[in-house]
Amino acid sequence: MMAVTSTGLALIIVVGLAFGMAARQSFLGAAIGTDHTVHTFLIRAIQANRNRLFVRIPRLLNDAVCAALPLYLHWCLAQVRPAVMFWAERLLNPVVNALHVLLIAYFITVAYPNTLLNSLTIPIIVALFAFTPQFFHALSARNFGLSTRGIGLLLLSVMLFSAFQIEYAHDIWPLYAVLGFSSYLIWAFSTFGAQALVIISLLLAIITGRYTPIAGAALGLLLFIAVHPRYSIGYLRGTLAFLRDFANELAPAYILNRRYSVWRDLVKDIWLECIKKPIAGVRYAYENPVLIVLLLNPLVILAVGLRVTEHMLDAPLTKFAADVVLCGVVAMLATSFRKTRFLGEPERYVEAVTGWAVLAAAPFLIIHIGLAGTAAITFLFLIMCVVQLKASAFLVRQVGSKAIDLAAAERAIKEAFVEPIRCCSNNEQLTKMLMANDWDFSYCIAVGRRYCGMRISEAFSAFPFLKREALERIIQTYRINVCVLDRSRYDSVFISLPPTLRQVAVIHETHGLRVLRLDWRHAASGHEAPLNLT
């Protein structure tokens, strides 16, 4: 009883520390995350749609669908009070992380023989997972507001564990229910989770001959389509179009132009950046996927080494875990080249298999360097996490000092209008920041469809900045009556007013912003729209 009590207490401390650090990072990230307004916009749209999911996004003037943006989490938040959104943005990721830590603790009790387990073994191994430095990367997207990546990774662990149990259990029908339902939830909640599910499951079938995971992925997809036929087909079609256009248009300018090659970085570009601007060079290196894996998730490398050499993989779950890690690393390598980097940051596929890396590598560590040595590695991981929390705080101070304050512009817009507002901006980051308001917007929420009839390369000079001629086309097509101009790009539109545009007036102006009101003649009657500038 004493052993159980001490183990439980140690696990509580580990889970509590992991939750506290993740919460601290989430609170820091929420201060500068810019997607809050988009999430609020989508939640309101679901509520206005009588809590039903949709394919085409309401309140956007341009033709836009939820490509690579599943709505299940937004649907859940649409059922509760708006105040819950504040806490969801800050505590969702920490809570999901804590649940994942507890799940890995359960896996450990299944994976290892009793001779390896004692009151200290379980919490130390769990801490290796909980304090994996990659989870606390200062620039990880899941630490900035509402993100479903953590949900996707948790569900992926559940799905893969059920696949493992199906291979070794006799009463498999309940396990197939878990397999299919967890896979269905991955498709419903997380685009990256679904991407990792498909790629890793395919690799498990091809490399290791394990076919249950890919069967589970297919079963979940069928359930997703059966439950939501119209929404699921629209979402999947939009996501495929998003990947196509992202690969062809955005990735070359948005990803590849900034980092030519994650591999050339190691021998050339990082060193050149550090020579030119040391601080900027360190940040550039900190974002390199290969260095993230090597320095912030080293147990993955050890697990792959054990898998290749077939060393200390006697337990069935340990062998399965090593197979999963091998496929995660292959997925990372396969998506690290210029032609494949549109599939997302390569290091995320390694992040997805971190728990399995701990399961595969921990016995080797305990036997060869002992509990004290394994605990020392855990403590080193913890120090690295704390350092990254400091980096997150520094990032918040840097970004926060450069943030554009739109509060005065919003007040000016609301005071100047009694009629419905149709808004756009030459800087679509500003459009995004205004989307918490109950207005209609022209906004390219995701690529995959033409934007006001234009390809992305035709509309944007450099994402998210619209070309002047593209902005003028948007204004005329959607009869925009509020245009927020980022003056660092340009601060006027229309050298000659179109015949249907009666007047353009400046209703707010600062050093960096200019807000225009555009008043149109009514097409049907020829009457002029009222002007309210009081």
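Residues numbered from 1 in each chain as written. Predicted model: local features only at pLDDT ≥ 70, side-chain atom pairs only at ≥ 80, totals over all residues. Heavy atoms only, no water.

(A) Expanded view of the overall build of the chain. When its secondary structure is counted, the chain shows 21 helices and seven strands. By principal-axis analysis of the C-alpha atoms, the chain measures approximately 85 × 55 × 45 Å. Expressed as a percentage of the 534 residues in the chain, the buried residues total 55%. Of the contacts made within the chain by residues no fewer than 6 positions apart, 70% connect residues no fewer than 24 positions apart. Only carbon and sulfur atoms are counted for the fraction: they give 65% of the accessible area of the chain, which is about 23600 Å². (Helix = DSSP H or I, 4+ residues; strand = E, 2+ residues; numbered from the N terminus. Buried < 20%, exposed > 50% of the residue type's maximum accessible area, 1.4 Å probe, protein only. Contact = heavy atoms within 4.5 Å. Areas by Shrake-Rupley, 256 points an atom, 1.4 Å probe, with all protein chains shown as cover.)

(B) Layout of unusual backbone geometry. Of note, the amide linkage connecting Phe463 to Pro464 takes the cis form, showing an omega dihedral of 10 degrees. Examined against the element boundaries, Pro464 turns out to sit in the loop between β3 (460–462) and β4 (465–466). Residues other than glycine seldom take positive phi values, yet Arg50 does so here, at roughly 60 degrees. Inspection of the secondary structure puts Arg50 in the loop between α2 (36–48) and α3 (72–78). In this structure, Glu310 is a non-glycine residue whose phi angle is positive, near 55 degrees. If you trace the backbone, Glu310 turns up in the loop between α14 (298–309) and α15 (316–334). A residue is classified by how much of its surface remains accessible, and Glu310, at 44% relative accessible area, is partly exposed.

(C) Structural view of the environment of Arg450. By the element assignment, Arg450 lies in the loop between β2 (440–441) and α20 (456–459). By relative accessible area, Arg450 is classed as partly exposed at 47%. Remark: the alpha-carbon pair of Arg450 and Asn62, spanning 388 residues in sequence, is separated by 8.9 Å. Leave out the neighbours within four places in its chain, and Arg450 touches Asp63, Arg455 and Glu458.

(D) The packing of aromatic side chains, seen in detail. As enumerated under the stated definition, the model contains 25 aromatic pairs in all. On the basis of an interplanar angle of 75 degrees and a centroid distance of 5.8 Å, the ring pair of Tyr106 and Phe161 is categorised as edge-to-face. One end of the pair, Tyr106, is in helix α4 (residues 83–111); the other, Phe161, is in helix α6 (residues 149–168), and 55 residues separate them in sequence. Exposure remark for Phe161: the relative accessible area of 5% places this residue in the buried category. Judged by centre distance (6.1 Å) and plane angle (90 degrees), the ring pair of Phe224 and Tyr231 falls under edge-to-face. With a relative accessible area of 0%, Phe224 lands in the buried category. (Phe/Tyr/Trp six-rings, centres within 6.5 Å; stacked < 30°, edge-to-face > 60°.)

(E) Seen up close, the packing of α6 against helix α8 (residues 191–208). α8 packs onto α6 with a crossing angle of 30 degrees between their chain directions and a minimal axis gap of 8 Å. By the angle between their axes, α6 is roughly parallel relative to α8. In this structure, the crossing between α6 and α8 has a hand that is right-handed. For the pair α6 and α8, contact is made by Arg149, Gly152, Leu153, Leu156, Met159 and Leu160 and by Phe192, Gly193, Ala196, Leu197, Ile200, Ser201 and Leu204, respectively. Grouping the amino acids of the contact of α6 with α8 by side-chain chemistry returns nine nonpolar, three polar and one charged. (Axes fitted to C-alpha atoms, helices over the stretch in contact; angles between N-to-C directions. Parallel < 35°, antiparallel > 145°, perpendicular 65-115°, else oblique. Left-handed = near helix turned anticlockwise from the far one by under 90°. Nonpolar A, V, L, I, M, F, W, Y, C, P; charged D, E, K, R; others polar.)

(F) Highlighting helix α11 (residues 264–276). Here α11 contains 13 residues, and its C-alpha end-to-end distance of 17 Å stays within 8% of the 18 Å for a straight helix at 1.5 Å per residue. Along its length, α11 shows its largest kink, about 30 degrees, at Ile270. By the burial criterion, the buried members of α11 are Asp265, Asp269 and Ile270. (Expected span 1.5 Å × (residues − 1). Bend = angle between axes of the 7 residues up to and from the residue.)

(G) Geometry of the nonpolar core. Ranked by size, the top nonpolar core spans 172 residues in total, and within it Phe131, Trp356 and Ile475 carry the most contacts. No other element matches the 13 residues that helix α17 (residues 354–400) contributes to this core. When neighbours within four sequence positions are excluded, Ile475 is seen to be in contact with Cys424, Ile480, Cys483, Val493, Phe494, Leu518 and Trp520. Counting residues in hydrophobic clusters, the runner-up holds five residues, among them Leu28, Ile32, Ala393 and Val396. (Core = buried A, V, L, I, M, F, W, Y, C linked by side-chain atoms within 4.5 Å.)

(H) Up close: the pattern of salt bridges. Scanning the model with the defined rule gives 27 salt bridges in all. Among the salt bridges present, the one from Arg59 reaches Asp440, with a minimum N-O distance of 2.4 Å. Taken together, the residues Arg59 in the loop between α2 and α3 and Asp440 in strand β2 connect sequence positions 381 residues apart. You can call Arg59 partly exposed: its relative accessible area is 36%. Note on Asp440: relative accessible area 17%, which makes it buried. Note that Arg307 and Glu310 form a salt bridge whose closest N and O atoms lie 2.9 Å from each other. (Salt bridge = Lys/Arg side-chain N within 4 Å of Asp/Glu carboxyl O.)

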